Amino acid sequence: MDKLFNFIFFVLSVSFYSQVRVIDNKGNLKQVDESKWTLSGSNIYNKNSGNVGIGISSPSEKLEVNGIVKSAGAAYTNSGLFNKILYANASGNVSPLSLGSGLTFSGGILNTVNSGTVTSVGLSMPAAFSVSNSPITNSGTITVSGSGTIAQYIRGNGTLGNFSLSGLSDVSLSALTTGQILQYNGTSWINISPNSTLTRGNLTTATTGLSVTGGTNAVLGSGTAVDYNLVTGIGNLVSGTQGVLGGTGNTNTYIGADGQKHLLPSAYSLPTASSTTLGGVKIGSGINVAPDGTISTSNTGTVTNISTGTGLTGGPITSTGTISLSNTAVTAGAYGTASTTIPTFTVNAQGQLTAAGTYPTSGISIAGDVTGTLAASTVAKIQGRNVANTAPTNGQTLIYNTTNSQWEPGNYTFPQLLVDASRTTTYTPAVAYAVIPYNTTAVNVGTSYNTTSGNFTAPATGTYQIIVNNSFSANTAANHSITTRIIVNGTTDTESSCSASPYAGSGVNITSSPSTVVSLTAGQTVNIQIGGEVGAVTALTGTGQHRLKIIRLN
């Protein structure tokens, strides 16, 4: 019975103890320690005096592993390893190697202590810059300065470019000078200097005809009375006894029925008038031609009836009388003023004014780019696009704001910082990519950046530079990474990833800083997406840790 009890107790001992209880040959109960591990406080150690193998039955070292050893860190306490590095040979065996002369290892960094002599240092720059004091062979300062003017900008390839007026497709301006005007050449508005040789003159009456004074282009002077009816240009002069002064013709020219000056054939000359001929044409009896060319009649007759047509009064005259213009009851005087009224007239078929009056300019409304009335008009649009009613300051230009759909005064020079935005609130990065809005702006020209949606909308067609800087932290001893993408009009243009493996679980900071230069047309969008997270990172959103800048280059 005792032996049976001992056997049962032995079985229970195997279940509850690392030591095995057995009965020796004398029937005594003993404990046998079959474990090679012993607890020492909260530690455990191997009591085996030989080697330990994992995946191998005959280890040749204190610990030999037939496989891959994974560790978050490594530590060596053998002083004999000082200033040595671990080296793996072709067989895969790792052994420490001493550093040769000229090399030092400190703080995890391998450095060279070799020294040399630099005899000449030079600098070359793109065409937009000029370099002086290069090369330097002993000591000195290399100076870089711009090769262009303040009216130029530097392209991405290092060359100089001239600023152009963008957004107004029908205006093409060159360098402006004093006194120039805008003139439409059939395609666009250009700036030109007016023709200084053209001046306005006056056509006035003279004792011998008409005289041109005061300019090269004669016009009829205000209030000048001229007793001539000019028909078909400078052609036939009728109803007058005086000639025209200042003609440019000569004895071999004549004025034709078309009103133009013509040259007579060289073999032709005008015949001399006589009492019986007029320019080679015979005249009938009763007509005399004086030597000076005066035509007169020697016959006499009697007018028995003169009738008056429409618009004339006084007829018919059978003996003597006066023919007058009919009175149209129009009050004599001046009609219309310079700013408040415009004249209105009614003319009959005989060219008479039958009614005259005025119409107030305040009653005439105008529309299109100019609104209001003639007396109080406002330029509200340019080519159909609204103009803001905002007083500009010195040096500002008109800039089109796509958000407000209008022209606004602004300081528009290139390159121009359009957006300087920061992310100041926390968010949680993830594997899936998502747009990250930068919720605070120090600069936001024309509100082109939406701090809610995270979208930047190009205000005009041009070249833009996008600069991003995002900082994160990782606090666990594992591999971590995160990616930042610049999305241009819905397509990934540039992305930048950053990663970290903190040593022994200590926190480290990592930064993703992509940048790009893109050509955008007005209305296209740019936003920043963050995703592709590996491990777990935390977004750092303090001052300057999440920053977006957008610069318009031209």
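Relevant structure appears above.
Quick notes on the rules
- Residues numbered from 1 in each chain as written.
- Predicted model: local features only at pLDDT ≥ 70, side-chain atom pairs only at ≥ 80, totals over all residues.
- Heavy atoms only, no water.
- Helix = DSSP H or I, 4+ residues; strand = E, 2+ residues; numbered from the N terminus.
- Contact = heavy atoms within 4.5 Å.
- Areas by Shrake-Rupley, 256 points an atom, 1.4 Å probe, with all protein chains shown as cover.
- Pairing = 2+ DSSP bridges.
- Core = buried A, V, L, I, M, F, W, Y, C linked by side-chain atoms within 4.5 Å.
- Buried < 20%, exposed > 50% of the residue type's maximum accessible area, 1.4 Å probe, protein only.
- Patch = residues over 30% accessible without salt bridge, like charges linked within 9 Å, V, L, I, M, F, W, Y side chains within 5 Å.
- Salt bridge = Lys/Arg side-chain N within 4 Å of Asp/Glu carboxyl O.
- Polar contact = N/O pair within 3.5 Å; in protein donor to acceptor, adjacent residues only side chain to side chain.

Bringing the overall build of the protein chain into the picture now. A tally of regular secondary structure across the protein chain gives one helix and 50 strands. Sequence-distant contacts, at least 24 apart, represent 39% of the contacts inside the protein chain between residues at least 6 apart. Carbon and sulfur atoms provide 54% of the accessible area of the protein chain, an area that totals close to 37100 Å².

The next point concerns the sheet that holds strand 35 (residues 381–382). Taken together, four strands build an open sheet; the order of strands is 35-36-38-37 and the sheet is mixed. Bordering the open sheet on either side are strand 35 and strand 37 (397–401), each of which pairs with just one other strand. In this sheet, strand 38 (residues 406–410) lies alongside strand 37 in antiparallel orientation, the contact comprising five bridges. Across the sheet, Leu398 pairs through a bridge with Pro409, a residue of strand 38.

Moving on: the nonpolar core. Within the largest apolar cluster, 18 residues are counted, with the highest numbers of intra-cluster contacts made by Phe456, Tyr464, Ile466, Leu520 and Leu548. Elements supplying a minimum of two residues to this core: strand 39 (416–422), strand 43 (462–474), strand 44 (480–488), strand 47 (515–520), strand 48 (525–534) and strand 50 (546–552). By size, the runner-up hydrophobic cluster in this structure holds ten residues, among which are Ile436, Cys498, Ala500 and Ile510.

A separate point is a nonpolar patch on the surface. Taken together, the side chains of Val303, Ile306, Leu312, Ile323 and Leu325 define a hydrophobic patch exposed on the protein surface, amounting to about 450 Å² of accessible area. Judged by its relative accessible area of 54%, Val303 is exposed.

Moving on, we come to the pattern of salt bridges. Tallied over the full model, the rule gives two salt bridges. Across the pair Arg547 and Asp420 runs a salt bridge, and its minimum N-O distance is 2.8 Å. One end of the pair, Arg547, is in strand 50; the other, Asp420, is in strand 39, and 127 residues separate them in sequence. You can call Asp420 buried: its relative accessible area is 9%. Across the pair Glu495 and Arg485 runs a salt bridge, and its minimum N-O distance is 2.7 Å.

Along the polypeptide, Tyr464 turns up in strand 43. Placed 89 residues apart in sequence, Tyr464 and Leu553 show a C-alpha to C-alpha distance of 5.6 Å. Ignoring any residue separated from it by four or fewer positions in sequence, one finds Tyr464 in contact with Leu418, Phe456, Ala458, Pro459, Thr516, Val517, Val518, Leu520, Ile550, Ile551 and Arg552. Side-chain polar atoms of Tyr464 contact the backbone oxygen of Ala460, separated by 2.6 Å.

Where strand 15 (residues 181–184) and strand 16 (residues 189–192) come together, four bridges link them in antiparallel fashion. Paired with Gln183 across the two strands is Ile190, which belongs to strand 16. Remark: four residues form the turn of the hairpin made by strand 15 and strand 16, two consecutive strands paired antiparallel; Gly186 in that turn has positive phi of roughly 100°.

Now for the environment of Thr341. One can find Thr341 in strand 30 (residues 341–347). Overall, the relative accessible area of 17% leaves Thr341 in the buried class. Placed 23 residues apart in sequence, Thr341 and Ile364 show a C-alpha to C-alpha distance of 9.9 Å. Apart from residues no more than four positions distant in its own chain, Thr341 is found in contact with Gly336, Thr358, Tyr359, Pro360 and Thr361.

Residue Pro135 is reached from Ser134 by a cis peptide bond, and omega for that bond is 5°. The residue Pro135 is located in the loop between strand 11 (129–132) and strand 12 (143–146) in this model. Positive phi is not limited to glycine here, since Ser405 has a value of about 55°. Position of Ser405 among the secondary structure elements: in the loop between strand 37 and strand 38. The partly exposed category is assigned to Ser405, whose relative accessible area is 40%.

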